[in-house]
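An overview of the molecular structure
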Amino acid sequence: MPSSAEPKTAPTGGVQSLERAFDLLERMADAGGEVGLSELATSSGLPLPTIHRLMRTLVACGYVRQQPNRRYALGPRLIRLGESASRLLGTWARPYLARLVEGTGETANMALLDGDEVVYVAQVPSKHSMRMFTEVGRRVLPHSTGVGKALLAHASDDEVRALLARTGMPAATEKTITTPDGFLEALDRVRDTGYAVDDNEQEIGVRCLAVPVPGSPTATAISISGPAGRLTDTATETIVPLLQEVAAQLATELTTTEPA
């Protein structure tokens, strides 16, 4: 989860005004969706007149709207783009998730971090009669899920604490982590082991193993979920390497671009 003050590197060989406009949109998203021009100037390093010109264009196109308080917010036209991109992402991911189902016998999921929430964008169900099902499009809080831990594993402690302060940490089950310190300890384990575990924390009787998709353009994770009786520690030893292998392959799919 990048900080809004983190410098961004624009690709070379493109149209500079487009690169700058998309950079500003990403900085707005990093800042929670609403910012002032001075904040954008501080984080981007661009002159105020340049930012003002770009924002006027984005407002005219519907991608940004100006609030009554003179601050700028992400506009409604982005929703259609995001929904279409999400559907395509699910389509691209499905063959990789199917490989996980074939290799593990359990339900495979793909999730993104959208603002402060985890949203499931793709799923391939297990063939078992007793299987896990999560509706595509469902949103959950990160603290009670394996994918949430995988998505936040490389965020800074301050960013994680700020997110948890905004969302709260309600208990979905008696095993849900409900303190920031406890969640940060869980993230340390993810960084140490390379995978995250939801052990009856979202739903009693269900375990989930998740890994981040490395280098993804937006924070992305894939997971396997199933009954706790099948996703044992022994099963984990064989499932995690496959999850990591498929995540690396999916990362290549999401980041590879064809030359013009």
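To be clear, the structure that these remarks concern was listed above.
Residues numbered from 1 in each chain as written. Predicted model: local features only at pLDDT ≥ 70, side-chain atom pairs only at ≥ 80, totals over all residues. Heavy atoms only, no water.

Attention shifts here to the side chain of Thr236. By secondary structure assignment, the location of Thr236 is in helix α8 (residues 233-255). By relative accessible area, which is 7% here, Thr236 ends up buried. Within the local environment of Thr236, its side chain forms a polar contact with the backbone oxygen of Thr232, the two atoms lying 2.9 Å apart. (Helix = DSSP H or I, 4+ residues; strand = E, 2+ residues; numbered from the N terminus. Buried < 20%, exposed > 50% of the residue type's maximum accessible area, 1.4 Å probe, protein only. Polar contact = N/O pair within 3.5 Å; in protein donor to acceptor, adjacent residues only side chain to side chain.)

Right, let's talk about the nonpolar core for a bit. Counting 28 residues, the largest nonpolar core has Leu97, Leu100, Met110, Ile222, Leu243 and Leu250 as the members making the most contacts within it. If you list the elements that add at least two residues to this core, you get α4 (77-104), β4 (107-114), β5 (117-124), β8 (206-212), β9 (220-227) and α8. The greatest single-element share of this core, amounting to nine residues, is contributed by α8. Once you skip the residues sitting within four places of it in the chain, Ile222 turns out to touch Leu97, Leu100, Asn109, Met110, Leu209, Ala210, Val211, Val213, Leu243, Val246, Ala247 and Leu250. In this structure, Ala111, Val118, Ala150 and Ala155 belong to the second largest nonpolar core, which totals 24 residues. (Core = buried A, V, L, I, M, F, W, Y, C linked by side-chain atoms within 4.5 Å. Contact = heavy atoms within 4.5 Å.)

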